[in-house]
Amino acid sequence: MGFVVGNQGISVPPTSFAVSDSSRSVSPSLWRDRDFRRLWVGQTASQLGEQTTLIILPLLAVLTLNAGAGEMGVLRAVGQAPILLLSLVVGAWVDRWRTRTVMVLTDAGRALILGAAAVAGLLGWLGLPALLVVAFAVGALSVFFDVAYQASLVRLVKRDQLLQGNSALEGSRSAAQIGGPALGGALISLLSAPIAAASSAVFFALSFLSIRRIRRTESIPERSERPPRVWRRIQEGLRFVVGDSSLRTVCLASAAFQFSFAAVMTVYLLFLPRELHLSGTAVGLALAATGPGALVGSMLAARLPSRFGYGAVLVTAATLGDGVFLCVPALHGSSAVTVSALLLINFVFGIAGQLVNVTVMAVRQAVTPDELQGRAAATITFVGMGTAPLGSLLGGFLAIEWGLRTSLLVMAAGMMLSPALMALSPLARLGRELPAVRDTPPASS
């Protein structure tokens, strides 16, 4: 179950819509918009860069630098730490700046950082300390990009085109989930580690070149003569989320999921190559199966909530998506049966995760006023994804103390807390209609 997250947990567009699976639903008039096409190309390239980086950096540490469970936990925690440290501040800051500028600068920064890592690798300087620096820097810039990205479309296209535009962008994100992990695993297996790192830099450079060509002037919120301080704007977002029972539950369930999932993935990325003896390519293919599942989940998400109810879909999909990971510790060996089972597990996880992501997204957007969309998303990301670094550290610790198979089983069972929280909350009672938008709280001065 996902609570989407994209790379760093903030990929929620600021309007209410039901996402479909394919860019083909975009009207010809929107595709004729050059600036939209530039945004779509840039976002697609950026997502491919993020997805390849997510698989390249951990596999580089495991297969090239011989990182152990503890070191893997630290590496993943360092890459996720910027979400905890920066998301609230970035959410308040980006609302007042042009998203094109933020996305261009972060793309350039990520390309330069990964390019520098490739050069360091070629010179023999790419050790674990340098990799930790790279992971933190890329993670920090990704927070800026993701927060800016969630506000970009609503400023770029007409409001009646938001459904179509978001459908196309969601399709490209799912496509990147398919190709990115497989490409990252193949590059690690076929090429040297520095070349693999450089491949992600190329994707970010392509995104930079595309997004910087956007010419349309953004309609950013007006600034008052004495705007509220950043911490007061953050406080407004926090107060709004805490004051809504559905959003409170989303925060708690997301925190429970991300904590356990981070621990699971830390062990999982060690379990596949070391316990099951899979190659980097096989690992990448197994992880890539989440992408096709996400495409199917997108199609189902456009229909199931209005037919069976938002609450029923949320609880059922979360239970199925989280529960399927309990099958992983039962696998043995690197046979075709094992690889097929992993593909099926990740495919089911992708379907269920996307169902949860889109349904939660629609609920959040429905109850949140437009002027608070960015801060509400950043608050939920902060609470939810903020637990991920701790989960990564715990996963590494348990793998050392209990072994890979046992720790993977325990943390996979921990993921079931998330659907349990939703089942006991007002979210489970949501019907076929979305809740009404809540009033905007009084502005802080």
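In this text, all values refer to a predicted model and were calculated from it rather than measured experimentally.

Draft legend 1. The arrangement of the overall build of the chain in detail. Tallying secondary structure elements over the chain gives 18 helices and zero strands in all. Scored against the burial criterion, the 445 residues of the chain give a buried share of 59%. Sequence-distant contacts in the chain: of pairs separated by 6 or more residues, those separated by 24 or more amount to 91%. Of the roughly 17,200 Å² of accessible surface on the chain, 65% is carried by carbon and sulfur atoms.

Draft legend 2. Layout of helix α14 (residues 336-367). Compared with an ideal rise of 1.5 Å per residue, which puts 32 residues at 46 Å, α14 spans 47 Å between its outermost C-alpha atoms and is within 8% of the ideal. Extensive coverage of α14 is indicated by the burial of 24 of its 32 residues.

Draft legend 3. Up close: a positive patch on the surface. Taken together, the side chains of Arg34, Arg37, Arg212, Arg213 and Arg215 define a basic patch exposed on the protein surface. You can see Arg34 is positioned in helix α2 (residues 34-64). Given a relative accessible area of 56%, Arg34 falls into the exposed group.

Draft legend 4. Seen up close, the side chain of Ser260. Mapped onto the elements, Ser260 comes out in helix α9 (residues 245-275). Apart from the residues lying within four places of it in its own chain, the contact partners of Ser260 are Met411, Gly414 and Met415.

Draft legend 5. Inspection of the confidence of the model for the chain at higher detail. This prediction gives the chain a mean pLDDT of 77; 79% of its residues lie at or above 70. Here residues 4-27 is a poorly scored stretch, pLDDT under 50, and it has 89 contacts once near neighbours within four places are set aside; other chains count.

Draft legend 6. Highlighting a nonpolar patch on the surface. Nonpolar side chains collect at one region of the surface, where Val74, Leu390 and Leu393 lie side by side and expose about 250 Å² of accessible area between them. As for its placement among the helices and strands, Leu393 is situated in helix α16 (residues 388-402).

Draft legend 7. Molecular detail of the pattern of salt bridges. Enumeration over the complete set of coordinates arrives at three salt bridges. One salt bridge connects Arg405 with Glu275, and the closest N-O pair in it is separated by 3.4 Å. One end of the pair, Arg405, is in helix α17 (residues 404-414); the other, Glu275, is in helix α9, with 130 residues separating them in the sequence. Residue Glu275 is classed as partly exposed on the basis of its relative accessible area, which comes to 32%. Linked by salt bridges that have partners in common, Glu50, Asp107 and Arg110 make up one network.

Draft legend 8. Representation of the packing of aromatic side chains. Under the counting rule described, the total for this entry stands at five aromatic pairs. Seen in terms of ring centroids, Phe257 and Phe261 are 5.1 Å apart; in terms of plane orientation they differ by 10 degrees. Their pairing is stacked. Taken together, the residues span about one helical turn, with Phe257 and Phe261 both in helix α9 at a distance of four residues. Take Phe257 and Phe261: they sit in the same class, and that class is buried. Ring geometry for Phe261 and Phe325: centres 6.2 Å apart, planes at 80 degrees, overall edge-to-face. Remark: Phe325 occurs in the loop between α13 (310-323) and α14 and Phe261 occurs in helix α9; sequence separation between them is 64 residues. We classify Phe261 as buried; its relative accessible area is 18%. Relative accessible area serves as the criterion here: at 1%, Phe325 is assigned to the buried category. Taken together, the aromatic side chains of Phe257, Phe261, Tyr268, Phe325 and Phe349 make up a single cluster linked through ring pairs.

Draft legend 9. Structural view of the nonpolar core. Within the largest apolar cluster, 56 residues are counted, with the highest numbers of intra-cluster contacts made by Tyr268, Leu272, Phe325 and Leu342. It is α9 that provides the largest number of residues to this core, a total of eleven residues. Apart from the residues lying within four places of it in its own chain, the contact partners of Leu272 are His277, Leu278, Val283 and Leu342. One finds Phe240, Val313, Val358 and Leu430 within the second-largest nonpolar core, a separate group that totals 28 residues.

Draft legend 10. Seen up close, the environment of Ala378. With respect to the helices and strands, the residue Ala378 is situated in helix α15 (residues 373-385). A residue is classified by how much of its surface remains accessible, and Ala378, at 1% relative accessible area, is buried. As a C-alpha pair, Ala378 and Ser87 span 291 residues in sequence and 5.8 Å in three-dimensional space. Aside from chain neighbours lying at most four places away, what touches Ala378 is Ser87, Leu88 and Gly91.

Draft legend 11. Local environment of the packing of α9 against α17. Axis separation between α9 and α17 bottoms out at 9 Å; the angle between their running directions is 150 degrees. Taken together, the axes of α9 and α17 are roughly antiparallel relative to one another. Crossing of α9 over α17 shows left-handed handedness. Counted together, Phe259, Ser260, Ala263, Val264, Val267, Tyr268, Leu270, Phe271, Arg274 and Glu275 of α9 and Leu404, Arg405, Ser407, Leu408, Met411, Ala412 and Gly414 of α17 form the full contact between these two elements. By residue class, the composition of the contact of α9 with α17 is eleven nonpolar, three polar and three charged.

How each quantity is defined
- Residues numbered from 1 in each chain as written.
- Predicted model: local features only at pLDDT ≥ 70, side-chain atom pairs only at ≥ 80, totals over all residues.
- Heavy atoms only, no water.
- Helix = DSSP H or I, 4+ residues; strand = E, 2+ residues; numbered from the N terminus.
- Buried < 20%, exposed > 50% of the residue type's maximum accessible area, 1.4 Å probe, protein only.
- Contact = heavy atoms within 4.5 Å.
- Areas by Shrake-Rupley, 256 points an atom, 1.4 Å probe, with all protein chains shown as cover.
- Expected span 1.5 Å × (residues − 1).
- Patch = residues over 30% accessible without salt bridge, like charges linked within 9 Å, V, L, I, M, F, W, Y side chains within 5 Å.
- Salt bridge = Lys/Arg side-chain N within 4 Å of Asp/Glu carboxyl O.
- Lys, Arg positive; Asp, Glu negative; His and termini not counted.
- Charge placed at Lys NZ, Arg CZ, Asp CG, Glu CD.
- pLDDT = per-residue confidence, 0-100.
- Phe/Tyr/Trp six-rings, centres within 6.5 Å; stacked < 30°, edge-to-face > 60°.
- Core = buried A, V, L, I, M, F, W, Y, C linked by side-chain atoms within 4.5 Å.
- Axes fitted to C-alpha atoms, helices over the stretch in contact; angles between N-to-C directions.
- Parallel < 35°, antiparallel > 145°, perpendicular 65-115°, else oblique.
- Left-handed = near helix turned anticlockwise from the far one by under 90°.
- Nonpolar A, V, L, I, M, F, W, Y, C, P; charged D, E, K, R; others polar.

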